[in-house]
Structures are given as C-alpha cells and as structure tokens.
Amino acid sequence: MSTPVEITWLLAAVTKGDAVAFERLYGATCDKLYGVVLRILRRHDLAADVMEEAYLKIWRDAGEFNPAHSTPLAWMVAIARRLAIDMARGPQPATGDSEPEIIDEDEGPGSVPRHQLTDDLKRLLTCIGRLEPDRQRMLLLAYYGAFSREQLAAKLDMPVDLLRASLRRSLLEIEQCLKS
Amino acid sequence: MSELDYTDALAAEYVLGTLDLEERTRARTLLDADQAFAANVELWERRFGELHLMVEPVEPEAKIWARIKAKMSEVRHKTQFPEPDVAPPASAAPAAEPPSLDAIEAAISQATTTLTSETAAAAATEATPVPTSEGTPVPTSEGMPVPTSEEMQMSASEATPTPASEATPAPASEATSAPISDTTPAPTADATPAPTSAVEPESSTPVVPPPAADAVEAPSEARTPAVEPATAVLVVHRRMRRWRVFAILMTLVVAAVAALLAAWRFLPDRVPPMLHPVELMRQMGVALPAAPAPRRPAPPGSQFDE
C-alpha cells in the first residue's frame, strides 16, 4: 500500500498530464478502489465499468483534488463510490457475453491494522461507537454496501420509516459528535 | 434533539448511499445546481472519507487498466498546461519514495562537499552517480531530480488544487535569479562561493537555473543530512518560500529597469534629470568620451522638423 504522500505526488504529476504517473497511481490504488466498488456492486463486470469511469474521471479532474479537504485516496474513493452507487441504483444492465459473477455477501467492514488508523478515522469510529450497537451496524452496512433504505430495512427486518428516522438520528449524532 | 433538515439529510444520505433512485437523481441535480448542497456533500464525504481504510483491497483484473489506458487520450485533460522545463522530470519524481528523499538530500549534501573541495566542473559530473548508486529511480541527467522532488513536495505540502499557479512562477523566477546571483551578493549565496561558480559551466543549457538554485541552497541541507520525510517537506517548503520572495524581488528589479528603459525610449522628457542615462553613467564613474552633447531624439510619432 502506498503512503498518502506518494499518492499525493502521483496525483500532482497527473494534473500535469503525466501518463506514467497515472499508471503508477492506478497501480497504487486500484485494489482499494476495486474493493470499495465491488462491495457495493457485487458484480465484477459492473465493478470493472465503474473502475474505468472512475479512473478516467480522476485522470481528467486530478486538478480538482484539494489536499486541504481530504486525503488523495479518500478523494479517489469518493469518486468511485459516487459512480458505483449511481450504477447500483440505476437499471442494472443485462449481462453481455459473460456470466455475471455475483459476489458472496460479506457485509461487515474489514478490520484495519492499528498503524493505519488515522486520527480522522479514530474520531469517526469513536463517534460511531457512541451509537447503540444496532445503529452502528446499520450505519456501517449502509456505508459499505450502499444499500438503499428499503434494502436495509429488509435486511434488518424493520419498517422503512423507523429505519429512516433511526438513520437520520445517527447521522445527526455523528455530525454533532464530530463537531464537538 | 433537533433533526437534520431536509437538504442536510439528503446530502448525508447521498454520501452514505441509502437514497433510492428518485432521491438520488434529485440529489445529483442539486449537486450541479446548488453550491451549498455540493459543499454539504463534500463535508459528509470528508466525514466518512476515512472509512475506506477498513475495506479489504481486491486486486482487479488486468484488462481494466488496458481499457482505461485505451481511453485516456480521448479524455481531455482539463488542467493540462504547457510546461517545457518541469514536465519531463515530473514523470521521474513520483518514483522517489519518501525514504529515497533522504538519499536525495544526502546526495545534495555530498555533492556540496565535493563541490567545495573539487573544481566546479568536476563536481557537476560528480553529483550524478551519487543518487543512482543508491538505487533510487532517479534519471541520470544532472541536477534534474532535485528540483522535481521539490516541485512535487511543494504541491504535496501546499493546499493548492491548481498546481498550475504553483509551478508556473517557479521556473521563471529561477531563471531571473540565476544570472543575477553571479553579480549580486544574494543573501542565500553568501556562505557558498563554490556552488555559485558551479552554475557557470552549465549556464548555456535551458535547464540550468533549477540546479543552480539547489546548488546554492544545498549547504543549509548539509547541516541536517538525515531529515525525516515530513520535516524535509517543511524544510523544502520553507526554502521554496524564501526563493519565491527572492524571485519576486528580482522580478520587481527587472520591471523597474524595464520601466526606466521604456521611459528613456518613449518619454525622455518625463524622466527626472537624476535618471538620465548620461547622469547615471557619470554617477557610476563611467567616463564619457567627449562627444557632442547627445541630442534629444525626436519622439517617434513626431512629424515636425526641429
């Protein structure tokens, strides 16, 4: 895994149209982005489409990355997530020549090695940790799987209205916790 | 407890990914149209941004890269700008990993010590083998990797979304400062007579100014040969700022001289007597040949005979 500093360098070079740096950037980040995208789409063919779209967007918009706002990897992940969720919500294209591979449902987030815990992540996890266990699970499931409220309600076996209220209360509490 | 208002909740849930198609379409429309909403989305993306660290990486198929590569040329590169001097080294810089930064720094200080002991010309070629022997993926063209890594760190350490504004003044400024550093006792050059002379043998090539700047700067580096990468970024950052101030001053000097020349040429009668060419030369002790008193040239647009 490359360090944020390296990725920032690569991204800076990409803003200058450096194709070699872009290839390195891809090599350094593609497994992370693919992991994120695949978790949301659960199909390799769709995930590949999103990867293509995401990296072309990164290639084009690298100059828009603002290091004051986020880490380069978080910025790239956000781009890929947006596209992946759009794809997941849109009409799922029928599979072409190849069989779609449906990935096993693996819902929980992975674990993160302690040394990779950034301060921001620690703060966020502390705030999420203050929610009740049910709501923690709901939130992480929502984030990692990008399930719609209806899908989440079905998974967690609760009414959609209740889930919506619960989700929004969680978001509000996290917002206030992070502000404090 | 209060509630998230509608747009705030929409932004948060957009980022979280729980909106259905209809709401998400609405959110995307808002995202394009409403800056406040876009900022809100960005804020939530920042809040949840680091959660990706907990996602297990999955190696994608190799053909995905082939697909991306094939379409790269079709995508217009928004932020591309002409940068003749900086662009080629930029491709080399990313290879320099934080640890190898130390190697570069060490190479700089080593090159400086060599410079002081040996002749300048020899030192210029001497400096090259050092980085390569340490296994750093640094091109062999002398001095090039150093300015590049500075460029890169500069953009890395500074919060600039547009490196264009960052990188463009640098070469120009260094170009201005290089020739002057020979004649002017520049504050940074005081302790190092040797590096300044090292500038001269190369001063015909266009890429010289950056190495010159670094050669002059290097001695300050020698005191701290093994800085941590993070500190190194700060050091370089500070050095760049100093250079930038210096460059701005030099640009002002050049502008002032240019203005004076223009005034001589176009508005000779508006120039105060103090600044007349003849007066200036006399003040500087240049003996003028006893030539006929210089006639004031007629203004260029003048149609009249004198």
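In case you missed it, the structure is sitting above this.
Position labels on residues start from 1 in each chain and follow its written sequence. Here the convention is simple: chains get letters from A, ligands get numbers from 1, in the order in which they are written. Where totals are concerned, whole chains, interfaces and linings use all residues; where local detail is concerned, this predicted model gives features only for residues with pLDDT of at least 70, and gives and counts side-chain atom pairs only at 80 or more. With hydrogens and water excluded, all non-hydrogen atoms of the structure serve as input to the side-chain values.

J.: Hey, could you run me through the overall build of chain A in this one?
T.: Helix and strand counts for chain A come out as 8 helices and 0 strands. Buried positions account for 56% of the 180 residues belonging to chain A. For chain A, long-range pairs separated by at least 24 residues make up 67% of all intrachain contacts whose partners lie at least 6 apart in sequence. Of the roughly 7,700 Å² that chain A leaves accessible, carbon and sulfur atoms contribute 51%. Helix and strand assignments follow DSSP, with helices taken as H or I runs no shorter than four residues and strands as E runs no shorter than two, numbered in order from the N terminus. Between buried and exposed lies partly exposed: a residue is buried under 20% and exposed over 50% of the maximum accessible area for its type, with that area taken using a 1.4 Å probe on protein chains only. By the convention used here, residues are in contact when the closest approach between their heavy atoms is within 4.5 Å. To be clear on the numbers: accessible area is Shrake-Rupley with a 1.4 Å probe, and residue cover counts the displayed protein chains and nothing else.

J.: I keep staring at the packing of helix α1 (residues 4-15) of chain A against helix α2 (residues 19-41) of chain A and nothing clicks. Help me out?
T.: To describe two helices that pack against each other, one gives the angle between their axes and the distance between the axes. Residue and element names in this part refer to chain A. Two elements in contact, α1 and α2, have axes separated by 8 Å at closest approach and are oriented at 145°. Every pair of crossing elements has a handedness; the one defined by α1 and α2 is left-handed. Residues Ile7, Leu10, Leu11, Ala13 and Val14 of α1 form the contact with α2, whose own contacting residues are Ala21, Phe22, Arg24, Leu25 and Thr29. When its residues are assigned to classes, the contact of α1 with α2 shows 8 nonpolar, 1 polar and 1 charged. Axis definition: a line fitted to C-alpha atoms, limited for helices to the stretch in contact. Angles are taken between N-to-C directions and run from 0 to 180 degrees. In this scheme, a crossing is called left-handed if the near helix is turned counterclockwise away from the far one by less than a right angle; it is called right-handed if the turn is clockwise. Note on residue classes: Ala, Val, Leu, Ile, Met, Phe, Trp, Tyr, Cys and Pro are nonpolar, Asp, Glu, Lys and Arg are charged, and everything else, Gly too, is polar.

J.: Please explain a nonpolar patch on the surface as it appears in this structure.
T.: Only residues above 30% relative accessible area that lack a salt bridge enter a patch, with like-charged residues linked at up to 9 Å and the nonpolar side chains Val, Leu, Ile, Met, Phe, Trp and Tyr linked at up to 5 Å. A pair is scored as a salt bridge if a Lys or Arg side-chain nitrogen falls within 4 Å of a carboxyl oxygen belonging to Asp or Glu. On the surface, a nonpolar cluster with roughly 380 Å² of combined accessible area is contributed by Val245(B), Ile248(B), Leu249(B) and Leu252(B). If you trace the backbone, Leu252(B) turns up in helix α14 (residues 229-266).

J.: Is there a simple way to think about the pattern of salt bridges in this case?
T.: Note that side chains of opposite charge can pair when their charged atoms are close. Here the structure, examined in full by the defined rule, presents 21 salt bridges over all chains. Note that Asp61(A) is salt-bridged to Arg60(A), the shortest N-O span being 3.2 Å. Given the relative accessible area of 4%, Asp61(A) is considered buried. Owing to a relative accessible area of 30%, Arg60(A) belongs among the partly exposed residues under this scheme. As a salt-bridge pair, Glu45(B) and Arg82(A) come within 2.8 Å of each other at their nearest N and O atoms. With one member in each of two chains, Glu45(B) in helix α3 (residues 35-48) and Arg82(A) in helix α4 (residues 72-89) form a pair that bridges those chains. Taking the relative accessible area as the measure of exposure, Glu45(B) reaches 18% and is therefore buried.

J.: Would you mind showing me how to read the state of the cysteines here?
T.: A covalent bond between the sulfur atoms of two cysteines is referred to as a disulfide. Residues and elements named next belong to chain A. Disulfide assignment relies on a single distance test, namely cysteine sulfur atoms paired within 2.5 Å. Per the counting criterion, the structure on display carries 1 disulfide over all chains. One disulfide bridge connects Cys127 with Cys177, the sulfur atoms lying 1.9 Å from each other. Disulfide Cys127-Cys177: torsion about the S-S bond near -80°, hence left-handed. Separated by 50 residues along the polypeptide, Cys127 in helix α5 (residues 119-129) and Cys177 in helix α8 (residues 160-179) bring together distant segments of the chain.

J.: Could you clarify how one ought to interpret the packing of aromatic side chains in this entry?
T.: We call Phe, Tyr and Trp rings a pair once their centres come within 6.5 Å, taking the six-membered ring for Trp, and we label the pair stacked below 30 degrees between planes, edge-to-face above 60, and tilted otherwise. As enumerated under the stated definition, the model contains 10 aromatic pairs over all chains in all. With centroids separated by 5.8 Å and ring planes inclined at 45°, the aromatic side chains of Phe22(A) and Trp65(B) adopt a geometry described as tilted. Linking Phe22(A) in helix α2 with Trp65(B) in helix α4 (residues 62-72), this pair reaches from one chain into another. A relative accessible area of 12% means that Trp65(B) is categorised as buried. Taking 5.9 Å as the distance between ring centres and 45° as the angle between the ring planes, the aromatic pair formed by Tyr143(A) and Phe48(B) counts as tilted. With one member in each of two chains, Tyr143(A) in helix α6 (residues 133-145) and Phe48(B) in helix α3 form a pair that bridges those chains. Exposure remark for Tyr143(A): the relative accessible area of 4% places this residue in the buried category. Here Phe48(B) falls in the buried class, since its relative accessible area comes to 0%. Each residue in the set Phe22(A), Tyr26(A), Tyr55(A), Trp59(A) and Trp65(B) is aromatic and connected to the rest through ring pairs, giving one cluster. In this arrangement the basic side chain of Arg47(B) is found over the ring face of Trp44(B), its NZ or CZ atom lying 4.5 Å from the centre. Only when the NZ of Lys or the CZ of Arg is both within 6 Å of the ring centre and within 35 degrees of the ring normal is a charge said to sit over the ring.

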